[in-house]
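# Examination of the molecular architecture
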Amino acid sequence: MESYWAPGVKLVLTGDYVNFRTAPSTDSNVIDSLMSGEEIAPLKGAFEAEGRQWWKAINAQGEVGYVSADFVRVAC
């Protein structure tokens, strides 16, 4: 498994029913639907793909996926 982007850093969802996807694209499959206040663990810093900022992260079920940076805030 990949190591976390930074120890103690987490991403907190700011929107309801945010898609957690298999790839950094709005056309990719949805793994999970995340709710406001839910936390995910980043695997690396935010990056740009298809004109949008994305985070690669691990959800509560241990799945690796991508979420749009528009719907998360960084917390420690």
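Nothing here was measured: the structure is a model prediction, and the numbers come from that model. (Residues numbered from 1 in each chain as written. Predicted model: local features only at pLDDT ≥ 70, side-chain atom pairs only at ≥ 80, totals over all residues. Heavy atoms only, no water.)

### Quick notes on the overall build of the chain
- Within the chain, the secondary structure is distributed over 0 helices and 8 strands.
- Counting from the amino terminus, helix and strand elements in the chain follow one another as β-β-β-β-β-β-β-β.
- Radius of gyration (C-alpha) of the chain: 11 Å, near the 11 Å computed for a compact globule of 76 residues.
- Considering only C-alpha atoms, the chain reaches an extent of 30 × 20 × 20 Å along its principal axes.
- A total of 76 residues make up the chain; the buried ones form 42% of that total.
- Considering only residue pairs separated by 6 or more positions, the chain has 51% of its internal contacts joining residues 24 or more positions apart.
- When the accessible surface of the chain is summed, it comes to about 4,300 Å², and 48% of that surface belongs to carbon and sulfur atoms.
- Where the 6 positive side-chain charges of the chain centre and where its 10 negative ones centre are 5 Å apart. (Helix = DSSP H or I, 4+ residues; strand = E, 2+ residues; numbered from the N terminus. Rg over C-alpha atoms; globule rule 2.2 N^0.38 Å. Buried < 20%, exposed > 50% of the residue type's maximum accessible area, 1.4 Å probe, protein only. Contact = heavy atoms within 4.5 Å. Areas by Shrake-Rupley, 256 points an atom, 1.4 Å probe, with all protein chains shown as cover. Lys, Arg positive; Asp, Glu negative; His and termini not counted. Charge placed at Lys NZ, Arg CZ, Asp CG, Glu CD.)

### Some remarks on the pattern of salt bridges
- Tallying each qualifying case throughout the model produces 2 salt bridges.
- Salt-bridge contacts for E39 lead to K10; the nearest nitrogen and oxygen are separated by 3.4 Å. One end of the pair, E39, is in strand β4 (residues 39-42); the other, K10, is in strand β1 (residues 10-13), with 29 residues separating them in the sequence.
- A salt bridge links D70 to R52, with the shortest nitrogen-to-oxygen separation between them at 3.5 Å. With D70 in the loop between β7 (64-68) and β8 (72-75) and R52 in strand β6 (residues 52-58), this pair connects stretches of sequence that are 18 residues apart.
- Its relative accessible area of 54% is what places D70 among the exposed residues.
- R52 gets classed as partly exposed once you look at its relative accessible area, which sits at 29%. (Salt bridge = Lys/Arg side-chain N within 4 Å of Asp/Glu carboxyl O.)

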